[in-house]
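# Coordinates in review
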Amino acid sequence: MIPVILSGGSGSRLWPLSRKQFPKQFLALTGEHTLFQQTLERLVFEGMDTPIVVCNKDHRFIVNEQLSNLKLETQGILMEPFGRNTAPAVALTAMKLVNEGRDELMLVLPADHVIDDQKALQRALALATVAAERGEMVLFGVPATKPETGYGYIKSSNDALLPEGVSRVSHFVEKPDEKRATEFVQAGGYFWNSGMFLFRASRFLEELKKHDPDIYDTCMLTLERSVKDGDSIEIDEATFACCPDNSIDYAVMEKTQRACVVPLTAGWSDVGCWSSLWDVHEKDSNGNVTKGDVVVQDSRNCMIHGNGKLVSVIGLENIVVVETKDAMMIAHKDKVQGVKQMVATLNEQGRSETQNHCEVYRPWGSYDSVDMGGRFQVKHISVKPGACLSLQMHHHRAEHWIVVSGTAEVTCDENVFLLTENQSTYIPIASVHRLRNPGKIPLEIIEVQSGSYLGEDDIERFEDIYGRSTPIERGVSVKTIAQ
């Protein structure tokens with residue numbers, strides 16, 4: 001059994017904590033480890049193969065770092081240039097396996113779910129395996145115990161031909177209003193759609209080809225044109241752009257006669273919004289969930305998330321308050337599904353707060369925006385031991401670097417020199433430069449940028465060990481580039 005971890009979501013309903021370039025699956029929302037790491041950890045047991053991860057190309061360095069932190073490996077990473085929903089992601093993975101002469105069971109799991117009961121999960125997997133080995137397409141359904149309007153529902157029906165404990169899927173129901181959801185709970189036999197599946201690779205492709213040939217054909221061509229680098233595959237952007245955007249449910253599961261459901265009673269949550277995150281956390285005697293420097297007075301059933309500043313709350317009930325360095329979100333707990341629309345509105349306004357946090361992670365380390373004005377910006381830059389930034393040039397800004405701790409190897413045009421604590425240097429406009437940490441401890445510097453344009457897109461790369469280079473002619477010297 002091969003886990004296929006789908007890690008391409010943006011988690012916009014958990015804004016402002018979740019951002020496009022650092023979405024919720026890479027955040028430690030419910031414990032010491034991130035949701036992505038927790039998903040990987042619960043799959044380490046006998047009979048489970050190492051996973052395949054499908055992620056956005058922009059997140060590949062985060063994926064590798066979070067794998068490395070747990071000393072875990074994958075048998076492949078498929079890097080999408082953009083999301084096309086779950087059906088194409090799983091199709092590309094299944095085609096990859098079949099092309100390699102393999103046809104294992106594929107356990108499809110989103111990277112951002114919470115499951116409290118590991119043993120209950122394994123019991124559900126054992127039951128699902130019996131059905132999947134007989135050619136069924138298994139969906140894990142969470143028994144609907146309350147009128148939840150944020151989930152899709154599945155109605156089950158009996159089928160004597162299925163293994164005991166496995167039911168046939170009668171039909172799917174879109175996210176209902178509260179009245180219909182209440183009726184489903186009272187009627188019984190309804191499950192929340194967990195978005196977790198188990199089926200054989202060849203069975204999925206057979207059903208996909210029958211019910212959505214456009215996705216099947218486009219994915220076949222996309223995979224042929226994609227670039228393989230070791231165990232990683234960079235999905236071809238031009239071909240993938242032609243692929244329909246569709247989920248496994250719509251493309252296959254709602255059409256196939258093979259869909260069945262296995263109950264999953266394992267403390268599951270998709271933590272898809274702030275109210276569901278409130279649900280899975282321990283609460284104080286007044287039902288409040290707090291994190292960070294938070295003081296609560298005369299308030300009940302609130303979720304208060306601080307991220308640096310003191311957050312004080314007085315006389316509130318059923319309110320969510322989330323503070324980050326550059327944004328604050330306040331909502332009634334019953335209205336948090338509207339956060340997604342708020343993010344869409346902010347995107348239409350061109351607001352950067354939906355894309356990145358003030359602290360931005362890169363494969364070499366991170367940078368944090370400290371202050372900025374019309375013609376200046378101050379950043380705190382941290383470079384990992386042995387890591388280096390690309391050899392680059394800026395057309396509109398100069399930079400001053402001050403070493404706070406560690407040792408910096410600086411390249412500035414044809415000069416290469418070392419800086420240590422409390423030393424500084426100046427990088428003029430249009431100078432070809434690079435920063436490297438040759439030491440054993442993190443390099444911390446303060447960078448002061450000044451110029452007419454300070455955007456992150458004012459960068460021309462010439463060499464980069466992380467594959468982000470701007471191609472240049474071989475043999476051209478740094479001096480010639482600078483000129």
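Computed from a predicted model, the values in this text were never measured in an experiment. (Residues numbered from 1 in each chain as written. Predicted model: local features only at pLDDT ≥ 70, side-chain atom pairs only at ≥ 80, totals over all residues. Heavy atoms only, no water.)

A word on the nonpolar core. Of all hydrophobic cores here, the largest spans 69 residues; its most connected members are Phe36, Phe140, Leu264 and Trp274. There are two domains that each give this core at least three residues, and those are domain 1 (2–269) and domain 2 (274–348). Discounting chain neighbours no more than four positions away, the residues touching phenylalanine 140 are Leu107, Ala124, Leu125, Ala128, Trp192, Ser194, Met196, Phe197, Leu198, Val262 and Leu264. In terms of nonpolar packing, the next biggest core, distinct from the first, is built from 42 residues, Ile2, Val4, Ile52 and Ala87 among them. (Core = buried A, V, L, I, M, F, W, Y, C linked by side-chain atoms within 4.5 Å. Buried < 20%, exposed > 50% of the residue type's maximum accessible area, 1.4 Å probe, protein only. Domains from an automatic or database assignment. Contact = heavy atoms within 4.5 Å.)

Right, let's get into the pairing of strand β6 (residues 137–143). Extensive coverage of β6 is indicated by the burial of 6 of its 7 residues. Sheet analysis places β6 next to strand β12 (residues 259–263), joined by 5 bridges and oriented parallel. In the strand pairing of β12, methionine 137 is matched with alanine 259. (Helix = DSSP H or I, 4+ residues; strand = E, 2+ residues; numbered from the N terminus. Pairing = 2+ DSSP bridges.)

Moving on: unusual backbone geometry. Outside of glycine, negative phi angles account for most residues, and trans bonds account for most peptide bonds. With an omega of 10 degrees, the peptide bond between tryptophan 15 and proline 16 qualifies as cis. Tracing the backbone shows proline 16 in the loop between β1 (2–7) and α1 (35–41). Phi is positive for aspartate 298, which is not a glycine, with a value near 50 degrees. The topology assignment puts aspartate 298 in the loop between β15 (294–297) and β16 (303–305). Assessed through its relative accessible area of 58%, aspartate 298 is described here as exposed.

Our focus in this paragraph is the sheet that holds strand β19 (residues 328–332). Taken in spatial order, the 4 strands make up an open sheet running β14-β16-β18-β19, and their pairing is mixed. Looking at the sheet topology across the chains shown, the edges are occupied by β14 (289–291) and β19. Between one strand axis and the next, the sheet turns by 5 degrees as a mean value, whatever way the strands run. Summarising the sheet, β16 and strand β18 (residues 319–323) pair through 3 bridges and their orientation is parallel. Among the inter-strand pairings, histidine 305 is bridged to a residue of β18, identified as valine 322. (Axes fitted to C-alpha atoms, helices over the stretch in contact; angles between N-to-C directions.)

Our focus in this paragraph is the packing of helix α3 (residues 86–99) against helix α7 (residues 213–225). Between α3 and α7, the least distance of the axes is 9 Å, while the angle of their chain directions is 55 degrees. Between α3 and α7, the angle falls in the class oblique. Between α3 and α7 lies a crossing of right-handed hand. On the side of α3, the interface is formed by Ala87, Pro88, Ala91, Leu92, Met95, Lys96 and Asn99, while α7 contributes Ile215, Tyr216, Cys219, Met220, Thr222 and Leu223. Looking at side-chain class alone, the contact of α3 with α7 contains 10 nonpolar, 2 polar and 1 charged residues. (Parallel < 35°, antiparallel > 145°, perpendicular 65-115°, else oblique. Left-handed = near helix turned anticlockwise from the far one by under 90°. Nonpolar A, V, L, I, M, F, W, Y, C, P; charged D, E, K, R; others polar.)

Looking now at the domain arrangement of the protein chain. Once the domains are mapped, the protein chain shows domain 1 (2–269), domain 2 (274–348) and domain 3 (359–463). Each of domain 1 and domain 2 was reduced to a C-alpha centroid, and the two centroids are 29 Å apart. Between domain 1 and domain 2, the contact holds 13 residues from the first and 18 residues from the second. Considering only the side of domain 1, the residues that lose the most area to domain 2 are Arg13, Trp15 and Leu17, jointly responsible for 41% of the buried surface there. Viewed at the interface, domain 2 and domain 1 are joined by 2 salt bridges. One salt bridge in this structure joins aspartate 326 and arginine 19, with 2.8 Å as the shortest N-O distance. For the interface between domain 1 and domain 2, the tally reads 7 residue pairs in polar contact (both at pLDDT 80 or more). (Buried area = accessible area lost by both parts, 1.4 Å probe. Salt bridge = Lys/Arg side-chain N within 4 Å of Asp/Glu carboxyl O. Polar contact = N/O pair within 3.5 Å; in protein donor to acceptor, adjacent residues only side chain to side chain.)

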